[in-house]
Amino acid sequence: MQGLKVSLFITCLADHFYPEVGEAVVHLLRRCGCEVDFPPNQTCCGQPAWNTGLEDEAKAYARAYIETFENSEYVVMPSGSCAGHVRYFYPQMFKDDREMYRRACAVADKTYEFSQFMVNVLKVKDVGARFPASVVFHNNCHMQRELGVKEEPLELLRHVKDLVLVENPRYDLCCGFGGAFSVKMPEISTAMADERLGIYVGTQADMIVSCDGGCLMHMGGRAERQGLPVKTIHLATLLWEGVKNSGL
Amino acid sequence: MPDLKTRINTALRDERLRGAVRYTADNLRTKRNAILADLNEQAAQGMAIGTFDDLRKQARRIKEHTLKHLDYYLEQAADQIRQSGGTVHWAADSADVVRITEEIIERRQAKKVIKSKSMASEEVALNHALEAKGIEVVESDLGEYIIQLAHETPAHIVIPAIHKTRQQIADMFGEVAGRQLTTDTPTLTRFARETLRQKFMAADIGISGANFLVAETGTICLVTNEGNGRLTTSVPPVHIAIVGMDKLVPTLEDLAVLLGLLPRSATGQKITTYFNMITGPRRPGEPDGPEELHVIFLDNGRTNLLGSKYEEALMCIRCGACLNVCPVYRNIGGHAYGSIYPGPIGSVISPLLTDFGEWTDLPQATSLCGACHEACPMGIHLHEHLVRLRMDAVEKGKADPGFTRLMKLWMTAWRNPTVYRMAAKIGRLGMRPFVKKRPDGTEVAERLPGPFAAWTNTRNVPPIAKRTFHERWAELEKEAQR
């Protein structure tokens with residue numbers, strides 16, 4: 001699987017708040033022999049517009065993404081939610097426009113969430129990381145339901161040395177982020193985070209690992225505010241830190 | 001009724017309610033998962049008619065076909081009901097159901113009505129209308145009886161009193177009994193049985209809903225666990241069934257598929273304790289059954305959905321599985337939704353049914369996690385319909401204007417890569433005064449102004465990075481060339 005050309009879609013959230021996640025993805029992909037490029041005209045996948053009912057605006061983002069990435073071999077992003085949006089909803093948006101539909105399908109087919117790409121395309125399960133911690137994996141809703149990615153991140157985590165992977169007793173339960181929902185309905189959103197965090201604290205894991213900046217920001221921000229004994233970390237960051245730990 | 005936010009906040013403060021709802025929702029979910037695993041295993045051994053996914057696919061095909069030919073099946077059902085001695089009524093809306101029922105009551109000089117559980121009757125607020133005319137209406141489903149005593153509406157499609165604790169129920173029953181009751185199940189059910197048995201015997205009219213109505217035979221099907229459905233429909237001299245037009249199933253064979261899904265999805269049972277199939281009133285020579293059988297087919301906006309992007313919502317078999325897995329429902333219960341159809345399916349159909357209020361804000365109360373779609377035995381794309389309803393609200397100008405304008409402005413500007421990059425710089429600067437440095441060197445914002453406070457009121461937020469990924473890329477690119 002050497003020499004695959006991969007375009008990185010950083011996602012707006014990672015770009016602004018978690019750029020180290022993007023760096024980790026780049027380093028890990030390169031370590032697996034991929035050539036990584038970064039189209040500078042990328043912005044957001046448009047999910048915030050779609051989910052707040054702004055169909056035209058959401059379509060404009062989809063068009064921009066399609067134009068930016070349709071010549072790429074693969075597009076990889078550190079977010080199951082954004083990847084789910086591209087793969088699942090982009091084709092739907094253009095079902096009445098044959099030409100755009102074809103282009104949307106083509107770009108959707110080569111769009112991958114990071115762990116999905118590592119395990120299913122690169123066939124890499126062991127990145128050579130060591131990370132001495134007890135962690136629980138938080139399944140992002142759109143990743144497990146729209147993208148159908150459930151096992152891939154767990155495969156990667158199971159191959160990390162000195163890492164204890166605690167079973168998630170409620171992998172189905174949303175953390176309450178939900179994009180604009182988190183500020184539009186902050187009361188329920190926070191109540192959902194509290195329930196979710198309570199379950200994770202109960203597992204006694206040191207860290208919650210996820211493949212989505214949204215869930216991490218939401219649960220992490222709430223855990224910090226409440227002084228809960230659990231940290232949050234993106235899967236790519238954990239893996240890259242682990243690779244550095246094991247002395248490259 | 002207070003607004004949605006107020007209703008939600010009231011529910012969130014009620015720990016007893018939330019505890020009760022979570023307890024039962026989890027229970028139902030666990031039972032459902034177990035029985036579906038069991039079904040899949042049996043199917044693998046050739047001992048069942050199919051796996052859950054097989055049944056779901058078949059059920060969808062049946063419903064798709066039925067909805068496509070609904071006019072045909074409605075007529076067929078009506079013919080069959082008439083042939084077996086029943087009377088058919090057509091109700092366009094709530095008022096029609098009330099009028100038709102009142103006409104029957106008046107003609108029969110009826111005073112007392114007993115009811116088995118029917119969401120259609122709740123939808124048209126029938127009890128309220130009849131009680132206003134001085135008719136005694138008694139709910140005979142245990143859960144419905146409880147909420148009737150509490151003067152409430154159902155908090156769940158299948159488990160109306162999901163929000164009540166055992167103690168609350170014992171207290172309410174005790175008040176009716178005039179003595180203190182213990183909280184054990186035998187005591188509570190014995191009290192309900194003794195009280196309701198008299199009501200069944202005294203009732204002039206029994207009113208039921210229908211879980212399914214088989215078109216080829218005109219058969220009303222009732223799925224219950226308490227036997228009250230059977231008494232309601234066979235003891236009083238008149239039986240009225242209120243049947244949503246979406247309840248039609250073409251054949252008995254089709255019924256087998258849907259019946260394989262309903263109890264499993266609703267309560268985690270292979271089949272319920274009672275399953276009634278009612279075809280016509282009492283025939284000459286039969287010892288029991290009602291003298292008159294009336295079927296009221298209720299539209300109330302259902303047929304408007306035919307051929308629309310929401311047609312799929314008519315496939316719902318009202319199992320409540322989407323409520324039991326919903327992370328919002330479990331935290332606020334049913335009443336906070338306001339509509340008598342709560343949870344994901346309620347947030348979809350409440351704004352779509354006519355004569356039923358607007359409910360345009362309900363589709364906002366969801367994180368769009370999709371657990372509902374995953375659990376739905378009919379595979380209804382509930383979370384996608386919720387997004388479409390948000391789009392409709394924006395289009396019709398019914399969405400929150402301030403929020404929509406803000407989102408539109410932001411989303412339109414951000415599409416431009418130059419503006420997007422510039423916004424990061426401005427945002428970083430703007431956030432600066434609110435960023436605190438922690439002892440470990442990391443930074444955090446705990447209080448942001450304006451619309452951002454909605455986040456920081458309950459959650460910390462990291463500052464926008466000193467250098468965004470866009471700003472870091474050049475370096476990363478150089479690294480590769482080294």
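Just so it is clear, the model here is predicted, and its values are computed rather than measured.

1. Things to note about the overall build of chain B
Line of reasoning, step 1. Regarding its fold elements, chain B presents 21 helices and 12 strands.
Line of reasoning, step 2. Over its C-alpha atoms, taken along the principal directions, chain B stretches across nearly 95 × 55 × 50 Å.
Line of reasoning, step 3. Relative to its 482 residues, chain B shows a buried fraction of 47%.
Line of reasoning, step 4. Nonlocal contacts in chain B, meaning residues at least 24 apart in sequence, comprise 71% of its contacts between residues at least 6 apart.

2. Describing the overall build of chain A
Line of reasoning, step 1. For chain A, the count of helices and strands is 13 helices and eight strands.
Line of reasoning, step 2. The C-alpha atoms of chain A give a radius of gyration of 18 Å, which matches the 18 Å a tight globule of 248 residues would have.
Line of reasoning, step 3. In terms of its C-alpha atoms, chain A occupies a principal-axis envelope of roughly 50 × 45 × 25 Å.
Line of reasoning, step 4. Scored against the burial criterion, the 248 residues of chain A give a buried share of 58%.
Line of reasoning, step 5. Here the contacts in chain A between residues at least 6 apart in sequence split such that 78% fall between residues at least 24 apart.

3. Some details on the sheet that holds strand S6 (residues 219-224) of chain B
Residue and element names in this part refer to chain B.
Line of reasoning, step 1. In space, the four strands of this open sheet follow the order S8-S5-S6-S9, with mixed pairing throughout. Of all the strands in the sheet, just strand S8 (248-249) and strand S9 (274-278) have a single pairing partner and so form its edges.
Line of reasoning, step 2. Across two bridges, strand S5 (residues 212-214) lies against S8 in parallel orientation. Bridge pairing in S8 links Leu-213 to Leu-248.
Line of reasoning, step 3. Sitting on the sheet, helix H12 (residues 252-267) is in contact with S5, S6 and S8, with an inclination near 170° to S5.

4. Brief notes about the interface of chain A and chain B
Line of reasoning, step 1. Each side of the interface is counted separately: chain A has 56 residues, and chain B has 53 residues.
Line of reasoning, step 2. Put simply, the parts of the chain that give the side of chain A that touches chain B at least two residues each are helix H1 (12-17), helix H2 (19-31), helix H3 (47-51), helix H4 (55-69), helix H8 (141-145), helix H10 (181-184), helix H11 (186-203) and helix H12 (213-226) of chain A.
Line of reasoning, step 3. Residue composition of the side of chain A that touches chain B, by class: 27 nonpolar, 15 polar and 14 charged.

5. Here we look at the nonpolar core
Line of reasoning, step 1. By size, the foremost hydrophobic cluster in this structure holds 215 residues, and its most contacted members are Val-25, Val-76 and Leu-239 of chain A together with Leu-213, Val-243, Leu-258 and Cys-322 of chain B.
Line of reasoning, step 2. Excluding anything up to four places from it in sequence, Leu-239 of chain A contacts Ala-24, Leu-28, Val-127, Ala-129 and Leu-156 of chain A.

6. Focus: unusual backbone geometry
Line of reasoning, step 1. At Lys-123 of chain A, a position not held by glycine, the phi torsion is positive, near 60°.
Line of reasoning, step 2. As for its position among the elements, Lys-123 of chain A is in the loop between helix H7 (114-121) and strand S5 (130-138).
Line of reasoning, step 3. Classification of Lys-123 of chain A as exposed rests on a count of 9 C-beta atoms within 10 Å.
Line of reasoning, step 4. Even without being glycine, Trp-359 of chain B reaches a positive phi, approximately 55°.

7. Remarks on the sheet that holds strand S7 (residues 207-210) of chain A
All names here are of chain A.
Line of reasoning, step 1. Pairing is parallel across the open sheet formed by four strands, whose spatial order is S6-S5-S7-S8. The two strands at the open ends of the sheet, each matched to only one other strand, are strand S6 (161-166) and strand S8 (231-234). Taken over all neighbouring pairs, the strand axes of this sheet differ in orientation by 40° on average, direction set aside.
Line of reasoning, step 2. Judged from the four bridges that link them, S5 and S7 form a sheet pairing that is parallel. Among the inter-strand pairings, Phe-137 is bridged to a residue of S7, identified as Val-209.

8. A look at the domain arrangement of chain B
Line of reasoning, step 1. When its domains are assigned, chain B resolves into domain 1 (4-305) and domain 2 (415-481).
Line of reasoning, step 2. A straight line from the C-alpha centre of domain 1 of chain B to that of domain 2 of chain B covers 54 Å.

9. What about the domain arrangement of chain A?
Residue and element names in this part refer to chain A.
Line of reasoning, step 1. As assigned here, chain A comprises domain 1 (5-120) and domain 2 (126-245).
Line of reasoning, step 2. Centre-to-centre separation of domain 1 and domain 2, based on C-alpha positions: 21 Å.
Line of reasoning, step 3. Taken together, the elements giving at least two residues each to the side of domain 1 that touches domain 2 come down to H1, H2, H3, helix H5 (80-93) and H7.
Line of reasoning, step 4. Its residues placed into classes, the side of domain 1 that touches domain 2 shows 15 nonpolar, 13 polar and four charged.

10. Observations concerning the packing of H2 of chain A against helix H21 (residues 469-481) of chain B
Packed helices, taken two at a time, are described by their axes: the angle between them and the distance between them.
Line of reasoning, step 1. Running from amino to carboxyl end, H2 of chain A crosses H21 of chain B at an angle of 25°, the nearest separation of the two axes being 10 Å. The angle between H2 of chain A and H21 of chain B places the two elements in the roughly parallel class. The hand of the H2 of chain A/H21 of chain B crossing is right-handed. Mapping the contact onto sequence places Pro-19, Gly-22, Glu-23, Val-26 and Arg-30 of chain A in H2 of chain A and Phe-469, Arg-472, Leu-476 and Ala-480 of chain B in H21 of chain B.

11. Overview of helix H13 (residues 235-245) of chain A
Residue and element names in this part refer to chain A.
Line of reasoning, step 1. Most of H13 is tucked away: eight of the 11 residues are buried.
Line of reasoning, step 2. Here H13 has its buried residues at Leu-235, Ala-236, Thr-237, Leu-238, Leu-239, Trp-240, Gly-242 and Val-243.
Line of reasoning, step 3. Directly after H13, the chain includes Gly-247, whose backbone phi takes a positive value near 80°.

12. Quick word on helix H6 (residues 98-109) of chain A
Residue and element names in this part refer to chain A.
Line of reasoning, step 1. Here H6 is 12 residues long and its end C-alpha atoms lie 16 Å apart, about the 16 Å a rise of 1.5 Å per residue gives.
Line of reasoning, step 2. Listing the buried residues of H6 in full gives Ala-104, Val-107 and Ala-108. With its buried residues spanning 105° around the axis, H6 presents them on a single face. Residues of H6 that are exposed and angled more than 90 degrees away from the buried face: Arg-98, Glu-99, Arg-102 and Asp-109.
Line of reasoning, step 3. Residues of H6 that are buried sit in contact with H4, H5 and strand S4 (111-113).

13. Some thoughts on the pairing of S5 of chain A
Line of reasoning, step 1. Here S5 of chain A runs beside S6 of chain A; their pairing, made up of five bridges, is parallel. Following the sheet pairing, Val-136 of chain A is matched in S6 of chain A by Val-166 of chain A.

14. Details of the confidence of the model for chain B
Regions with low pLDDT carry predicted coordinates that are not meant to be interpreted in detail.
Line of reasoning, step 1. Here chain B shows a mean pLDDT of 96. Residues at 70 or above account for 99%.
Line of reasoning, step 2. This prediction of the complex comes with two scores: 0.96 for pTM and 0.97 for ipTM.

15. Here we look at the packing of H4 of chain A against H5 of chain A
All names here are of chain A.
Line of reasoning, step 1. The contact between H4 and H5 brings their axes to 10 Å, and the two run at 110°. Considering the angle they form, H4 stands roughly perpendicular to H5. Mapping the contact onto sequence places Ala-58, Lys-59, Ala-62 and Tyr-65 in H4 and Val-86, Tyr-90 and Met-93 in H5.
Line of reasoning, step 2. Considering only residue class, the contact of H4 with H5 consists of six nonpolar, no polar and one charged.

16. Some details on the environment of Ile-169 of chain B
Residues and elements named next belong to chain B.
Line of reasoning, step 1. Mapped onto the elements of the fold, Ile-169 is located in helix H9 (residues 166-177).
Line of reasoning, step 2. Once the C-alpha coordinates of Ile-169 and Ile-147 are considered, the two residues, 22 residues apart in sequence, prove to be 9.3 Å apart.
Line of reasoning, step 3. Here Ile-169 is in contact with Ile-146, Ala-161, Lys-164 and Leu-188, once residues within four sequence places are set aside.

Conventions used here
Residues numbered from 1 in each chain as written. Chains lettered and ligands numbered in written order. Predicted model: local features only at pLDDT ≥ 70, side-chain atom pairs only at ≥ 80, totals over all residues. Helix = DSSP H or I, 4+ residues; strand = E, 2+ residues; numbered from the N terminus. Buried ≥ 20, exposed ≤ 12 C-beta atoms within 10 Å, placed from the backbone. Contact = placed C-beta atoms within 7 Å. Rg over C-alpha atoms; globule rule 2.2 N^0.38 Å. Pairing = 2+ DSSP bridges. Axes fitted to C-alpha atoms, helices over the stretch in contact; angles between N-to-C directions. Nonpolar A, V, L, I, M, F, W, Y, C, P; charged D, E, K, R; others polar. Core = buried A, V, L, I, M, F, W, Y, C linked by C-beta atoms within 7 Å. Domains from an automatic or database assignment. Parallel < 35°, antiparallel > 145°, perpendicular 65-115°, else oblique. Left-handed = near helix turned anticlockwise from the far one by under 90°. Expected span 1.5 Å × (residues − 1). Arc of directions from axis to C-beta. pLDDT = per-residue confidence, 0-100.

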